[in-house]
Amino acid sequence: MSELGLNSARETARLAAQQRVGVAERSHEWAREALTDLADGSLATDDQCALEAHLATCASCTAFRRTYERTVELLQGLPPAKAPAEAKRRVLESLP
Ligand SMILES: [Zn+2]
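Residues numbered from 1 in each chain as written. Predicted model: local features only at pLDDT ≥ 70, side-chain atom pairs only at ≥ 80, totals over all residues.

Assigned secondary structure in the protein consists of 5 helices and 0 strands. Secondary structure of the protein in N-to-C order comes out as α-α-α-α-α. Intrachain contacts of the protein at a sequence separation of at least 6 include 66% that bridge at least 24 residues. (Helix = DSSP H or I, 4+ residues; strand = E, 2+ residues; numbered from the N terminus. Contact = placed C-beta atoms within 7 Å.)

All right, on to the environment of Ala31 then. By the element assignment, Ala31 lies in helix α2 (residues 28-39). Ala31 sits in the buried class, given 25 other C-beta atoms within 10 Å. Considering only alpha carbons, one finds Ala31 and Asp47, 16 residues apart in sequence, at a separation of 9.3 Å. Contact partners of Ala31, with chain neighbours within four places excluded, come to Arg26, Leu51, His54, Leu55, Cys58 and Cys61. (Buried ≥ 20, exposed ≤ 12 C-beta atoms within 10 Å, placed from the backbone.)

We now examine the packing of α2 against helix α4 (residues 59-76). When two helices pack together, their arrangement is captured by the angle between the axes and the distance separating the axes. Where α2 contacts α4, the two axes come as close as 10 Å, and the packing angle between them is 30°. By the angle between their axes, α2 is roughly parallel relative to α4. For the pair α2 and α4, the crossing hand works out as right-handed. From α2, His28, Ala31, Arg32, Leu35 and Ala39 reach across to α4, where they touch Ser60, Cys61, Phe64, Arg65, Tyr68 and Val72. (Axes fitted to C-alpha atoms, helices over the stretch in contact; angles between N-to-C directions. Parallel < 35°, antiparallel > 145°, perpendicular 65-115°, else oblique. Left-handed = near helix turned anticlockwise from the far one by under 90°.)

Just distances and angles here, no functional claims.
Here's what the structure looks like:
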């Protein structure tokens, strides 16, 4: 194996070991819920650190984060939905 290949294999093993430790610290489910709290500004500072640590070692949650952020971005780009006139009329009629 070449020097470069050996270093690459060692780096891969090191990252795999790091990933096992990092993923064990917090669950994927916790991280994905924390992402929504982060988005609405309700994630505590120490949890933000734990989330970043998890994301640094977890490819699947990092992919989830990209998808989540892109989804929010696309939804924010949509024009506001307008209720049909009939629905608006019925709501207004039902008001006291
Ligand atoms: Zn994860």
